[in-house]
Amino acid sequence: MAGAIESLLVEDRIFPPPQDFARQAAVSGMDQYHALCAQAAEDHVGFWARHAREQLQWHKPFTRALDDSNAPFYKWFDDGELNASANCLDRHLGTPTENKTAIIFESDGGEVTSVTYRELHDRVCRFANGLKSLGYGKGDRAIIYLPMSIEGVVAMQACARLGIIHSVVFGGFSAKSLQERIHDVGASLVITADEQVRGGKSIPLKPAVDEAFAMGGCDTVRKVIVYQRTGAAVSMVEGREITWSQLVDGQSSECPPEYVSAEHPLFVLYTSGSTGKPKGVQHSTGGYLLHALLSMRWTFDLKPTDVFWCTADIGWVTGHSYVAYGPLAAGATQVVFEGVPSYPDSSRFWRMIARHKVSIFYTAPTAIRALIKACESDRATHPTQFDLSSLRLLGSVGEPINPEAWMWYHTNVGGGRCPIVDTFWQTETGAHVVTPLPGATPLVPGSCTLPFPGVDVAVVDETGGEMPNGQGGILVIRKPWPAMIRTIWNDPNRFKQSYFPPELHGFYLAGDGAVRNKQTGYFTITGRIDDVLNVSGHRMGTMEIESALVANKLVAEAAVVGRPDDVTGEAIVAFVVLKGVRPTDAAAAAKVAKELRDWVGKEIGPIAKPKEVRFGDNLPKTRSGKIMRRLLRVIARGEDITQDVSTLENPAILEQLKQVL
Ligand code: WT7
């Protein structure tokens, strides 16, 4: 990785915004960008307050923009009242957007269903009225465990409409992960589907809910609503479980929004941290929606004629800000896709861009790298074989994009004419934090460039002192911003400890390392500084995977590290000490490895399965018993150990762990 980072630092290709793009852009040119930053620097709170008034529809205007009396538990626009769903749907009624297509849904099999803003509003209202009829309302928590679908968006919007706090669980998470989230958030409602369909295969969802219930700890749940995606036979508990269509049947298409304080939690979304248990990141209604919407206008330069496509699942924050909320608040036409980029073949994305005339395309580097690989072996899936002339802007999110992938994306997908916005942000930040603005920022492949106006990002040392450009440090945000995480659900102390360590004097700690270019001040993210891995743009805690492994009856001890991977960014490597004897031949090792991988798949989800499992009689430890992960990382990469190993209790173990069976 060190080599890769160095190559980023010497990257000298620069791509200024194309003139015709800049001319029509919301933020046109660096002068305008700097002017926005200057306004924010001069009056940070006033800057956000002005945009909050301009961008959002308030039922009751706020009188105080920021309350920092209980920092770091900041409150924005606290005494103002609004409703997120009204800001996404009702605001467009009676305007030309009312009859515009809101969502173009393409199923895994390729069928297309579209809804206009009016129709979406009506569907959200009917579903919300159904929820109301069951007695749900403001402050209740709902788990949403649904596939990518119009229904997924409707469920989120309907919750928001009633002030129900939703917590979406990615369909790829296991029953166990689902159970933990139901329990932690204290959900009284679960909204799920019989099955999800991806890559031509049906994957059960309702049975996973049943399994989660069987594990116990879900007694808070009163009702389960089941969207019949495939019509597969699933068990339904009489009185507790009803189908989606039963719920909406006969419901009115008008449902007055429940106006809530801007600080009312809109959602809780679980994400991995450096300790074992995922944390429930709690977001607000007003501040969150403001930044989601403003980034639609500034980062994506959204115009009324655009067709926007963010490929993220609603189970991740990207699918919240840039599928369920931002595009709708902005009145965009967007594509929602049920399937995967490799089915029926790896031209799926390109075919869909051509078919739906997508103009703004936002995806993850891991997808790009996988598609590069695929088209190298099958030329027919190469993007240049398709009419991608509708594209005018590309985006990247979730992990660093390497300059090679950036160039390929720019040339072959963007035809050399589309700017690429490499957006750095996190579940906790709510929306873009460091990103180019496409009509202004000259682009450098592999750099997320400069802060979003109004977000005070800096690179500092361990005590919060700013690093000079050219020297690496840790990424912090020095002032509160409206879309920031409010707390960790049920764990305010963990919130303070994780994000506001005392030595940083009130700065928000992102958990990433970064360096700014000497000349341009551009940011390059150098990767996580904690025990968090990024696998295919998915955040995974090493401790979380270790806890899952040691919960297996065969395992005595386990350590998990990341290793760079061409396609997935990082790959998970597990070092395992078994309770019984260490397998020494390839067949025996493969058998146990498979058992453990499947186990992790069940404990967390398939995305957490280690790519490689290695076995040892022990793990490299210091005399005080601390596992030397640093050495394990070197071994996982297949590199020679050059570090001093004299503090190791058991240096002989290294040879054993180096063996690949
Ligand atoms: C972590 C956050 C952002 C929404 C999806 C992921 C990494 C994210 C970039 C980028 C380099 C990036 C960071 C960050 N990351 N975007 N453009 N360049 N790294 O959200 O699951 O909360 O993960 O993803 O390491 O901390 P998340």
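Worth saying up front: this structure is predicted, and the values here are computed from it rather than measured.

Trainee: What is the right way to read the overall build of the chain from this model?
Mentor: Along the chain, the regular secondary structure elements total 20 helices and 30 strands. Here the chain has a C-alpha radius of gyration of 24 Å; the compact-globule value for 661 residues is 26 Å, and the two agree. In terms of overall dimensions, the chain has C-alpha extents of about 75 × 65 × 60 Å along its principal axes. A burial count over the chain gives 61% of its 661 residues as buried. Once the 66 positive and 73 negative side-chain charges of the chain are each reduced to a mean point, those two points are 1 Å apart.

Trainee: Please clarify how the pairing of strand 4 (residues 101–106) should be interpreted in this entry.
Mentor: Consecutive side chains along a regular strand alternate between the two faces of the sheet. Here strand 4 lies mainly inside the structure; five of its six residues are buried. Examined bridge by bridge, strand 4 and strand 5 (residues 112–116) share five bridges and lie antiparallel to one another. Each bridged residue has a counterpart across the sheet, and for Glu106 the counterpart in strand 5 is Val112. What sits between strand 4 and strand 5 in their antiparallel hairpin is a turn of five residues, with Gly110 showing a positive phi close to 105°. Pairing analysis gives four bridges linking strand 4 to strand 17 (residues 333–337), with the strands arranged parallel. Paired with Ile103 across the strands is Gln334, a residue of strand 17.

Trainee: Is there a simple way to think about the environment of Val185 in this case?
Mentor: With respect to the helices and strands, the residue Val185 is situated in helix 8 (residues 175–185). Here Val185 falls in the buried class, since its relative accessible area comes to 1%. Between the alpha carbons of Val185 and Trp350 there is a distance of 39 Å; along the sequence they are 165 residues apart. With sequence-adjacent residues up to four places away left out, Val185 is seen in contact with Arg141, Ile143, Ser167, Val268, Tyr270 and Trp489.

Trainee: Explain unusual backbone geometry to me, please; I cannot follow it from the model alone.
Mentor: Trans is the prevailing form of peptide bonds, just as negative phi is the prevailing case for residues other than glycine. Going from Ala71 to Pro72, the amide bond is cis rather than trans, its omega being 5°. Put simply, Tyr343 and Pro344 share a cis peptide bond, and its omega is -5°. Considering the arrangement of structural elements, one finds Pro344 in the loop between strand 17 and helix 13 (348–356). The backbone phi angle of Asp301 is positive, close to 50°, even though this residue is not glycine. Relative to the helices and strands, Asp301 is located in the loop between helix 11 (286–298) and strand 16 (307–310).

Trainee: Please explain the sheet that holds strand 18 (residues 360–363) as it appears in this structure.
Mentor: The pairing of strands in a sheet comes from backbone hydrogen bonds and takes either a parallel or an antiparallel form. Judged by pairing direction, the sheet is mixed, and its seven strands sit side by side in the order 5-4-17-16-18-19-20 without closing on themselves. The sheet is open, and its two borders are formed by strand 5 and strand 20 (420–423), each paired with just one other strand. Between one strand axis and the next, the sheet turns by 20° as a mean value, whatever way the strands run.

Trainee: Just to check I follow, could you spell out the site of the ligand for this structure?
Mentor: Taken together, 17 residues sit near the ligand, with Asp422, Thr427, Asp512, Arg528 and Arg539 positioned nearest. Within the side chain of Thr427, a nitrogen or oxygen atom sits 2.5 Å from an oxygen atom of the ligand. Relative to its unbound accessible surface of 550 Å², the ligand loses 95% to contact with the protein. By residue class, the composition of the shell around the ligand is six nonpolar, six polar and five charged.

Here is what the cut-offs are and how they apply
- Residues numbered from 1 in each chain as written.
- Predicted model: local features only at pLDDT ≥ 70, side-chain atom pairs only at ≥ 80, totals over all residues.
- Heavy atoms only, no water.
- Helix = DSSP H or I, 4+ residues; strand = E, 2+ residues; numbered from the N terminus.
- Rg over C-alpha atoms; globule rule 2.2 N^0.38 Å.
- Buried < 20%, exposed > 50% of the residue type's maximum accessible area, 1.4 Å probe, protein only.
- Lys, Arg positive; Asp, Glu negative; His and termini not counted.
- Charge placed at Lys NZ, Arg CZ, Asp CG, Glu CD.
- Pairing = 2+ DSSP bridges.
- Contact = heavy atoms within 4.5 Å.
- Axes fitted to C-alpha atoms, helices over the stretch in contact; angles between N-to-C directions.
- Near = heavy atom within 4 Å.
- Polar contact = N/O pair within 3.5 Å; in protein donor to acceptor, adjacent residues only side chain to side chain.
- Areas by Shrake-Rupley, 256 points an atom, 1.4 Å probe, with all protein chains shown as cover.
- Nonpolar A, V, L, I, M, F, W, Y, C, P; charged D, E, K, R; others polar.

Nothing here speaks to function; it is all geometry.
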